[in-house]
Each structure stands twice: as structure tokens, then as C-alpha cells.
Amino acid sequence: MFIYLSKKIAIPNSIPLKCVSWNKDQGFIACGGDDGLLRVLKLESQTDDARLKGLAAPSNLSMNQTLEGHSGAVQVVTWNEQYEKLTTSDQNGLIIVWMLYKGSWCEEMINNRNKSVVRSMSWNADGQKICIVYEDGAVIVGSVDGNRIWGKELKGNQLAHVAWSPDSRILLFGMANGEVHIYDNQGNFIMKMTIGCLASASGAISIAGIHWYAGTGGYVEPNCPCLAICFDNGKCQIMRYENDENPVCIDSSMNVVSIQWNHCGSVLAVAGSLRTANMEKEFNVVQFYTPFGEHLRTLKVSGKQMWGIAWEGGGLRIGLAVDSYIYFANIRPDYKWGYCCSTVVYAYTKPERQEHCVVFWDTKNNEKFVKYVKSLMSITTSGDFCILASKGDETLPQEDAELEAVCPAKYVLILCNSIGTPLDSKYIDIDPMFVTLTKTHVIAASKDVFYLWQYRVAKKLTALEINQVTKTKKEGRERFYHIDSNPSGASDGCTHPSKSFTPTRDPICSITATDKTLIVARESGSVLTYSLPNVSLIQKFSLNNRAFHLSLNCNSSRLAVIDISGVMTLLDLEARSITDDGSQVGAGDPSRFERKDVWDMKWANDNPDLFAMMEKTRMYVFRNLDPEEPIQTSGYICSFEDLEIKSVLLDEIMKDPERPNKDNLINFEIRSLRDSRALIEKVGIEDASQFIEDNPHPRLWRLLAEAALQKLDLKTAEEAFVHCKDYPGILFVKRLGNLQSEPMKQAEVAAYFGRFEEAERMYLDMDRRDLAINLRIKLGDWFKVLQLLKSGSGAGDDALLQQAYIGIGDYFSDRQKWVDALQYYLQGRHHEKLAECYYMLEDYGGLEKLTSDLPENNKLLPAIGQMFTNVGMCEQAVNAYLKCNQPKAAVDTCVHLNQWNRAVELARTHNMKEIKSLLSKYASHLLENNKTLEAVELYRKAHHFLDAAKLMFKIAEEGKKKSQPLKVKKLYVLAAQLVENFHEKVKTSQQSKVKGGKSEATYAIAGLLEEDATSSDNRIIDSAWRGAEAYHFFLLAQRQLYSGQTENAVRTALHLREYEDIIPAVEIYSLLALCSAASRAFGTCSKAFIKLESLESLSLEQRQLYEDLALEIFMKHPPRDNRVVREDSAEGWSEGKVPTCIVTGVPIREHQFWMCSVCKHCALEREISRYSYCPLCHSPAV
């Protein structure tokens, strides 16, 4: 930042001031002094020039009102910005609240305690409460409407200061003895604050000021110090919160009278007085610090005694109460900003976000791109690129993880383009306090070490090179150098900052670089010059002062230096020619040039002797050290090129950073450009040509060439184009010379200067519609081309019409207006674009019609097939692929869309063998991901029924473990159905293979033979329904038992004994024992218990339980069956088998019975008549 005194306002009658306060929202300044002095002032800018904004605009007092009401010296003034109120207090303890009424300030409330003097008053952040502290220890908290909320007497304490916390929950009371006490907002004592900065202090100490920044403008970085407490001896501590154990301590070595934060908490101003080294004289100063204790600037102010300091709301000015004057100082902040590729890059903070908001504002298109960067440190720009330096995060990129495992990187450099897209980044260990950028290198420096990174931009590399770049070792591309080393150009630097790098006694204070030179300045005033890209120390120079800003001209022959006090000098790096007084300037000699109060400068990109600089609120342009007349402005210089300076009013942009305005971007033409233009317009081309020869510059020659073309002075125009090396311009002049017609030349010149309407009118007046059409074609104005074509006729019009229709269609498609584009593509018969329009409009019917209209093997058909594939329209995609003779792509589409039936059909039709391998691969992939049912469906759709059945049997076996019999039965039924489908498929294939009048028996035998040949697991085929039967009867027995049909339940349970390989034997015989006991068939029940007691799968404890239960039952009931059950039982235990009714579970002894056509299971006709579906397989009961 840079600061300078700009204005002084005297108080009438030379009444000494005691305090000053600046309303940050409305801009009013209140100052109080002796004899009841209280004045309210307001400075406002008044100018008609739109370019004169901010500090450059003249400011006058729009208000200067004396407020009458105090009799004693006014000692405290404080503003309530939210409610536009002013609160003042004098030495008699009188408090007055003032309000703005009809443009002037008047009394609203008065209060006088008549006991003590008010020492401090503070409004909380939202303006709802005010805390007033008296010298005798009294504290009063009141509301904005004048009501008293609470009061308290802090006996034994003399109060001096008060401050609210940002959230209004805590009050800090500064005592007269230098202590700070912490209270809650209800007046309850919490603790005494630890004052670390006074650890070594002695003698009487008093508090000079307490200011707790409320965060209204955001924070510089997360967890930033914001509570400042300063003492009259110059000691100051800045804390993150009220009980911060590690505060930032500052020793300003001055007698402090007042402190205050700026509007965004980035700068702390400390005002007071400082004694000279010989202790003879004391002078007023204001010291400026960052929240982390770094000293920024010192402002000296004349006068005997400084009493107060106040910041303006935007942080661009401060007001100082000195004796009977108010001094104003302008501040040029060090914004985080840059300019690259017509883009202004700037950063600001928001109260609601911890990160910095970085805006990339494209000034050509007035578009902005926003990104958020945490702990942003600086923005550096050059050419087309931008470097964002910030503190590193805990998470690191993968490729840097191994490197940073030992010592995590603390900082990151991000290379971005002009829209904020990150192109590359580097994590480094050194603090990038100073960063500069060239076309090939990023140079960052801490106080001891500078780091060189040769960046490469991906857009210039092939994919192979990009891959190689990512694997490149740091050597060659990244080097670290200690400032005390003397590199010779070989590999002197290291690829990682060594722990042996010791702190230097002469730290780095500034750096700058061009493509071939690096300049490093040190605090002692020495300047080191290194060559690039091989870093080699070339020269050492010495300055009288510490450099703050360095800048090299375009050929690296001269260095501009702005020191810490704002004095700019020039240093010649090369020996220059003999000067006017006959002497020769050697390398390293400072020029006689010196300017004061300079805060910004920029060399011209195309002239080493031309530069612009900002001096207070004036811009000077120097050519060969001769200044032009100054321009009044407060803008920051973006670029200086082609005799034109582009400047941006960052102060105005920061007032509303979310909406940058082009009015805040100003272009200035230097004098030679203005004079040349004036000579051309008012005197003539010949005189202007002579002036430009004396002051040559490509921009001036181009200006002359354009003026000569306007007047058809082709000779002068050609000479001017030659001077500015404009080869296309020379060719244009040659072409004009070959034209005979003057109107034709004028039309060509009009088109050259962009006056296309005028040129077209001239062509049409000459009856050269073809030239007018060609002009519009070159411009891409197809609407005008179509209009011109329709207004006449001629050879080749049809082809041009088609081209115009396609051009207009392209215009609409570029803007996503597909409906309009479709109409013109139809007229232009552009099939490729038509397909894209149909696809974007989701008009798949139109796309299908286009497919049918296209001839076979058209090159567009594969693309249309892919479009249909993308939206899942399999059949249409297959038709498109088949029409262009790509059956392989059609099969791939079917596989991709899971249409395996169609895929198999296509594969067989076109004799493709890959389908089986694809099917197995996809099925194994599904099985690996535990998607067994999807694999079953896949095999089923592909008619691989046996494979599907195997998987389904596997699922059923796994389902038995979960004890869900009904679900297991369903799985077994599905598996058996798949086996039946397999039988049907084999039978159908045999019918298609066997020719002639063969009988069904022949088909059946052939099918069985094929099954034996193709199947590796006959057990599944032969007993497909066995699992379904087992669980069907298992469920049937339990239903019969619960419905009271106990005898039928016993018969069904007896039948279950055949399925011990499917259902666990313990479950079968437990069910049989239960059913027979319920049916009082204790003989069968006894046999079931005998079986249970002999099962080896049961443990001894479980067998014992069964024995105990059997003993208990059969001691009461003898083991005998009734007649019916005994007959069935005897029949069941025998080896003879009869069909079992699937409805009742009863053996079928009748000769006529019903049989299911699918599962081939039987049932009694009288029983099945009540069912519409087979109870086992659930197929229709016919």
C-alpha cells in the first residue's frame, strides 16, 4: 500500500480537537474538541468528467455543520451507521444522541449522570445496543431507542475503554491500569485477559485503544486475527478471539494515542508520536500493520499533538485529528489483482465465506468467471496466464504425495488461463512472498530462497508429451536457489529446499523478471541480476534505499525502482550512449531521473524508453525521461501498448465487486498518438507523414496508412504499411492498384475498414451483386446472403442457396435453436446436420425416416446407428447398421442393450461365432458382481436355458439356508421351467434339422440323443421337478395340518421321505412326527422319533431332547396307528410307487386321473376340478 497526505481542513478559531470519527456508510465525519466544539463534515466528489472517479475527483465539503449542545470539551464521538445516529460525550459527562432530520443534525436524546466522565462508548455490530463506560467504574448498556437495558458498578476499577465482540456476546472493558476484563453481554465477569505483549514492560501503562473488527467486509484468511489492543508505550497485541493464547505482538516504539482497523480488517492503523534518534524532537506518525504484525507503511504528519484517527468506509482515506486541523490522507491499497489477455483478475472477501472470491473479468465480452481460493496470498499476471499463490491445503495431489510425505508443502502456486481454468500447480515449502511471471517461468521468492519453475501449458503439447511431462522429474524444470549463493549457470540449485538453507542477514524485498533476466532486490539496497533460463549471477548493483517495487523495460536494459517511501528511480543495466553533457552512462549507474509519491508504473511493451507512472492522483507518461502533461486519474495501470494506456479503477470496482462495469475501464492515448490524429484530420497527410517520421511507431504508421487509404493515396498507404510491417495491408494496397474503377476502390476500402453496409450499397449501385454476396459470405452473414440471392437470379444460384441455407442452419444450431436449424437444414439437404437436429430434438421418428431415405452404405448410417444406441432404440440401430453392412456393430448394439435374442439371431444369420464368447464373458462379469438373477435373465433371453437353469438351481440351493420354503419352491419351479424350455428348444431344433415326413417319435429320439450329447449334467435334466415337488409337498403338509386335515397331512408327510436329499431329514421327520401325533397315529409317530433319534447330523444334546419327548408321549399313548393311516403307512414304507396327487398328497389308485401338460404331475380329477392352475408349476390347468 502507499499513503500520502492530500487535504487539510482548519477548525475555526483554532480550537484544538480531541476526537474524530468517520461514518463508514454515509460518509459523515464528526470531530469534537475544546469549548464544546462539535462539527459534522462531509466530503463529496463533484465532477462532470466520467473518468474522474474516486480519489482523482475533486472533493468539496457538502456539509459543514456545527452542533450546539455541549459546554465542555467533547471527548468521545461514535457513530451508529445502521440507524444514522451520532453519540457524543463531553468532559462534564453529558451524553447527546443526534439524528439526521431534513438534511441537518439535531438532538434526539440527552443524558447526564452528573457523577463522572464518560471515557468510551461503543455500539454493537448491528447497532441495537450501546455500552457506555464511566471513569468511576459505572457501566450502562442501552438500546437504540434510548431505553436502559442494564447497568452495573465495577467498584474499585477505573474504566477507560469498551469494545463489543462481533457477535455481541462479549464485552471487553479496558481499565485505567492497563488491564482488560472480559464480561458477557449481561454484565457477568468471565475472566481477565492475558496481555502477552507487556511481558517485559515496566512502569505505568495505559490502554491507547481497543478495536474488535466485526467481520463486515470478510476476513483476509480463515481464523485471521481481528482483536487489536494497543498501549500507550507502543506495545500492541492482535488476537483471534478474546482468550487467544498465541496473539500477534507488535512493538511500534511510539507513543500511541489511537488505533483503528480499516473496513475489511486487512490493515491496522496505529496513530501517535515518535521521538527521533537523538530524543530532541517528537513528530506525529501513523504506522500501518497487517493482522499478522507485518509493517506496511509509515505516514509522518506535521503538528504538535495528534488526538485521533478514523478510516473512511471504503478504506481509501483516513482522517487525522491534529491540533486544530483535520488532515486527510489518500491510501492506494495493494489489491490482489492483475491483467492478462484483456482480462482483469481481482480478488475480494465476502463476510459469508472464508475463501477469497477471485473474479476473472473479460473486458472484451464483459463476462466474468468466479472461483474461490482459500488463504489467497497474491495474484500475478503476465501475457495470457495468471499465477494464484495461496497457503497449501492438507490434501495433496496424488503425484506429489510421495514427495511431500517427509515434509508436507505449505504453499501452492496455481497456473491459470484468462478464464480461471487451472492449467498446472506446484506445491512448495518456501513462503511465496514475491512472485513474478514470464512467458516460460514462474519465479517465487521468500526472504532467503527463490524458486524457479519452468511451466509448460498443455494446449501446446501432444497427448504423448503431456504424459511425459507428468512423469518428468523436478530436475531441469524446478530449482531452488539461496540468495547468498552465486549460481554460475550450471545445475547449482537444488530440486527441493534443503534444511541446510540458513536464514540470510540481508533478506529479499522484491523481484522482477523478463524472458532473459531476473532481478532480485535485498533490504540492504543491493540489486542482483541473473540470466535466464540458466540462472547465473551477472551483476550486482547498489541502491540508496530499500526497493518496494521493481520493473524491467521490454529489452531488459533499464530497471525502474520504487522504494518504500514512494521515490522512483531508474537504473541502467547496460552501458548507454553519450548523454547531452558529453558523459557516458555505465551499467549500474542510476539515472538522474527521480520522482516522489509514485505508487504504480508500467513500461511500454513495444518501446524501451516509454513508460507510464502514477504519482498521487496523476498519471505521467515519459518518453526518453521527458514527461507529457499529466492526466488526472486514480486508476491502476493494466497495460501500455501501441501508444495506448489501459487503466482500471479498482477502487470503484471494489465498491461492487460482483458487478464490474466497463465504465471503470479507461483508455488513454499518449500525446504523439493524439497529435498525429490531429495533424491528419486538420492539416494533411504530408505534414502528418513528416511528424510520424520524426516520431516513428508502428501504431502511428498504421494510423497514417488508414488515413491515406480513406483518401485513396495508395503510395503513402503502401509506405506506411511497409513501415509498420503489415504484409496483408501491403497486399491490399496492391490489389487496389489493379482496380480501374474509383467506386470499386472506395467500396473495397469501406469493406477494409468494416463499413460493410456502405460497401454493399456501393457494390449494388455498380450492379455487382456477386461482389456483395462474396462480401457477406466472408463475413458469415448468411441471412444477408440469402436475401441477396432471392433478390436476383444467375448461374450457380442453386449451389449458393443451398450453402446459405446450411450456413443459417449452422447459425441456429450454434445457439441451440434446433427447431429453426432443422427447417434450414431440410432446405439445404444437409443429412449430417439433419441427423444431429433430430437427435437433439429427440425426434426419433424423423431420424428413422432419414435412415430409410439414405442410400445403402451411406457414411452417415453408422453415426445414426450410434445415436439410436445411445437412447436404447435397439431395432432402429440394428436397421441402420445392417443398411451400411456392419452386422458386427449391430450385434454389439444388441449386446450393449441386453437384447440377446436379437444378438443371437443376427449372429446366426450372418454366421458370426463371437456371440457365445461375448455371452459367457458378460455372464461371468455379472456373477463376479453377485448379480446371479441378471445372469439367469441374460441366459434365458439368449435361449441358453440349461445354463440359466443351472444358475437358478444354485440360487434355490442358497435360498434353502434362509428358511423361506415358499420362495425356495418358486425358485425350483423357475429352474424346472427353464429345463422344460431347454427340452422344447432341442425338439424345435431337431424338427428344423430333420427333413421329410418323419414321425414325432423320430423327433423325440433325435432330441434325446442331442440332449445327451450337449448336456454334461444329466441329473438336472432327468430330475428337474424334484426340488419343486419336495417343497410343494412340504408346504402342502403344513397347510393340511393347520387346516385340520390331519390324516391327509400324515399321508403327505409320509411322501416327503423320498426327498431327504433336498429337504433336511430332521425337518421331514419332525413334520411327520407332528402330523401323526396330531392325527393320533402314534405308530407312525414312533417310527419318526426313532428316525430322529438315529440322525447323525444332530448333536447328542438334541438327540437326548427327542428321546425325552418321545418317552413323555409314548408313556401316555401306545405306538399304534388307526386303520387308514396304517394301510397308507405300510404302503408308504414299501418299495412300490404309485402316483401322488399334487392337490391332496394322497396316492392315486384310480386308472383315470389328470396330468399337467407342463410339469407332467398328476392329480385326482375330482380334486383338480376346483383349480384353474396347476398347484405345482402354476401353468393353466387344461
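Provided above is the structure to which this section pertains.
Residues numbered from 1 in each chain as written. Predicted model: local features only at pLDDT ≥ 70, side-chain atom pairs only at ≥ 80, totals over all residues. Heavy atoms only, no water.

Engineer: Please provide a residue-by-residue account of the overall build of the protein, values included.
Structural biologist: Looking only at helices and strands, the protein has 32 helices and 58 strands in total. Look at the contacts in the protein between residues 6 or more apart in sequence, and 46% of them connect residues 24 or more apart. (Helix = DSSP H or I, 4+ residues; strand = E, 2+ residues; numbered from the N terminus. Contact = heavy atoms within 4.5 Å.)

Engineer: Can you tell me about the pairing of strand 32 (residues 367-373), naming the residues and giving the values?
Structural biologist: Note that strand 31 (residues 356-362) and strand 32 share seven bridges and pair antiparallel. By the bridge assignment, Phe360 is partnered in strand 32 with Phe369. Counted along the chain from strand 31 to the antiparallel partner strand 32, the turn is four residues long, and its residue Asn366 has a positive phi close to 55°. (Pairing = 2+ DSSP bridges.)

Engineer: Tell me about the nonpolar core, and name the residues and values.
Structural biologist: Within the largest apolar cluster, 130 residues are counted, with the highest numbers of intra-cluster contacts made by Leu847 and Trp1025. Of all the elements, helix 23 (residues 965-993) adds the most residues to this core, at ten residues. Setting aside residues no more than four positions away along its own chain, Leu847 makes contact with Ala835, Tyr838, Ile864, Met867 and Phe868. With 58 residues, the next largest nonpolar core counts Ala612, Val648, Ile653 and Ala705 among its residues. (Core = buried A, V, L, I, M, F, W, Y, C linked by side-chain atoms within 4.5 Å. Buried < 20%, exposed > 50% of the residue type's maximum accessible area, 1.4 Å probe, protein only.)

Engineer: Residue-level account of the packing of helix 4 (residues 685-694) against helix 5 (residues 698-710), with values.
Structural biologist: Each pair of packed helices can be summarised by the angle the axes make with each other and by the distance between the axes. Direction vectors running N to C along helix 4 and helix 5 enclose 165°, while the axes themselves pass 10 Å from each other. Considered as vectors, helix 4 and helix 5 are oriented roughly antiparallel to each other. Classified by chirality, the crossing of helix 5 by helix 4 is left-handed. Counting all contacts with helix 4, which are made through Ile685, Ser689, Ile692 and Glu693, the residues of helix 5 involved are Leu700, Trp701, Leu704, Ala707 and Ala708. Its residues assigned to classes, the contact of helix 4 with helix 5 shows seven nonpolar, one polar and one charged. (Axes fitted to C-alpha atoms, helices over the stretch in contact; angles between N-to-C directions. Parallel < 35°, antiparallel > 145°, perpendicular 65-115°, else oblique. Left-handed = near helix turned anticlockwise from the far one by under 90°. Nonpolar A, V, L, I, M, F, W, Y, C, P; charged D, E, K, R; others polar.)

Engineer: So, the sheet that holds strand 22 (residues 255-261): which residues are in play, and what are the values?
Structural biologist: Across the sheet, which stays open at both edges, the four strands sit in the order 22-23-24-25 with antiparallel pairing between neighbours. Bordering the open sheet on either side are strand 22 and strand 25 (295-301), each of which pairs with just one other strand. Neighbouring strand axes in the sheet, compared pairwise and without regard to direction, differ in orientation by 20° on average. Bridging between strand 22 and strand 23 (residues 268-275) involves six bridges; their strand directions are antiparallel. Residue pairing for strand 23: Asn255 is matched across the bridge by Ser273.

Engineer: Now, about the environment of Ile110: what can you tell me, with residues and values included?
Structural biologist: Within the secondary structure, Ile110 is located in strand 9 (residues 104-112). Judged by relative accessible area, which is 51%, Ile110 ranks as exposed. Through-space distance from the C-alpha of Ile110 to that of Gly146 is 9.4 Å; in sequence the pair is 36 residues apart. Excluding its chain neighbours within four sequence positions, the residues that come into contact with Ile110 are Leu94, Ile95 and Ile96.

Engineer: Describe the environment of Val621, with residues and values.
Structural biologist: Here Val621 lies in strand 51 (residues 618-623). Considered as a pair, Val621 and Ile670 are 49 residues apart in the sequence and their alpha carbons are 7.2 Å apart. With residues near it in sequence (within four places) discarded, Val621 still touches Leu610, Phe611, Ala612, Asp626, Pro627, Glu628, Phe640, Ile645 and Ile670.

Engineer: How would you sum up the pattern of salt bridges? Please name residues and give values.
Structural biologist: The full count for this structure, using the stated rule, is 40 salt bridges. Between Arg522 and Asp484 there is a salt bridge, with its nearest N and O atoms 2.6 Å apart. Residue Arg522 is found in strand 42 (residues 517-522), and its partner Asp484 is found in the loop between strand 40 (478-482) and strand 41 (508-513); the two are separated by 38 residues along the sequence. When the shortest N-O distance is used, the salt bridge between Glu760 and Arg776 registers 2.5 Å. With Glu760 in helix 9 (residues 756-765) and Arg776 in helix 10 (residues 769-779), the pair connects residues that are 16 residues apart, well separated along the chain. (Salt bridge = Lys/Arg side-chain N within 4 Å of Asp/Glu carboxyl O.)

Engineer: Before we move on, could you go through helix 17 (residues 874-883) and cite the residues and values that matter?
Structural biologist: With seven of ten residues buried, helix 17 lies mostly within the body of the structure. Among all positions of helix 17, only Cys874, Gln876, Ala877, Val878, Ala880, Tyr881 and Lys883 are buried.

Engineer: Explain helix 9 residue by residue, including any values.
Structural biologist: Those residues of helix 9 that fall on the buried side of the exposure criterion are Ala759, Glu760 and Tyr763. One side of helix 9 carries all its buried residues, which in axial view fall inside an arc of 100°. As for helix 9, its buried residues are in contact with helix 8 (742-752), helix 10 and helix 11 (782-790). Downstream of helix 9 by a residue or two, Asp767 has a phi angle that is positive, lying close to 60°. (Arc of directions from axis to C-beta.)

Engineer: Pulling in residues and values, what's your account of the packing of aromatic side chains?
Structural biologist: Under the counting rule described, the total for this entry stands at 35 aromatic pairs. Centroid distance Phe611 to Phe622: 5.1 Å. Interplanar angle 10°. Geometry classified as stacked. Of the two residues, Phe611 sits in strand 50 (residues 610-615) while Phe622 sits in strand 51, which places them eleven residues apart along the sequence. Residue classification places Phe622 among the buried positions, given a relative accessible area of 1%. Ring centres of Phe721 and Tyr752 lie 6.4 Å apart, and the angle between their planes is 80°; this geometry places the pair in the edge-to-face category. Linking Phe721 in helix 6 (residues 714-723) with Tyr752 in helix 8, this pair joins segments that are 31 residues apart in sequence. Ring pairs connect the aromatic residues Phe593, Trp603, Phe611, Tyr620 and Phe622, which therefore count as one cluster. Sitting over the ring of Phe28, Lys42 keeps its end group 4.7 Å from the ring centre. Positioned above the aromatic ring of Tyr620, the side-chain terminus of Arg595 is 4.6 Å from the ring centre. (Phe/Tyr/Trp six-rings, centres within 6.5 Å; stacked < 30°, edge-to-face > 60°. Lys NZ or Arg CZ within 6 Å of the ring centre and 35° of its normal.)

Engineer: How would you summarise the state of the cysteines if you had to cite specific residues and measurements?
Structural biologist: With the rule as written, the count across this model stands at zero disulfides. Summary of cysteine pairing: Cys1162 is not part of a disulfide, and the nearest cysteine sulfur, belonging to Cys1159, is at 8.8 Å. Residue Cys1162 is classed as buried on the basis of its relative accessible area of 10%. (Disulfide = S-S within 2.5 Å.)

Engineer: Outline the sheet that holds strand 18 (residues 207-212), listing residues and values.
Structural biologist: Here we have four strands laid out as an open sheet, ordered 18-19-20-21, and antiparallel in their pairing. Bordering the open sheet on either side are strand 18 and strand 21 (248-251), each of which pairs with just one other strand. With direction set aside, neighbouring strand axes in the sheet form an average angle of 10°. Here strand 19 (residues 227-231) runs beside strand 20 (residues 235-239); their pairing, made up of four bridges, is antiparallel. Its bridge partner lying in strand 20, Leu227 is registered against Met239.

Engineer: Outline the pairing of strand 13 (residues 148-153), listing residues and values.
Structural biologist: Taken together, the five bridges between strand 12 (residues 138-143) and strand 13 define a ladder with antiparallel strand orientation. What sits directly across from Val141, in strand 13, is Trp150.

Engineer: Lay out the packing of helix 11 against helix 12 (residues 797-814) in plain terms, naming residues and giving numbers.
Structural biologist: Two elements in contact, helix 11 and helix 12, have axes separated by 8 Å at closest approach and are oriented at 150°. By the angle class used here, helix 11 and helix 12 are roughly antiparallel. Of the two possible hands of crossing, helix 11 and helix 12 adopt the one that is left-handed. Touching Trp782, Phe783, Val785, Leu786, Leu789 and Lys790 of helix 11 are Asp797, Leu800, Leu801, Gln803, Ala804, Tyr805, Gly807, Ile808, Tyr811 and Phe812, all from helix 12. Here the contact of helix 11 with helix 12 is built from residues that sort into twelve nonpolar, two polar and two charged.

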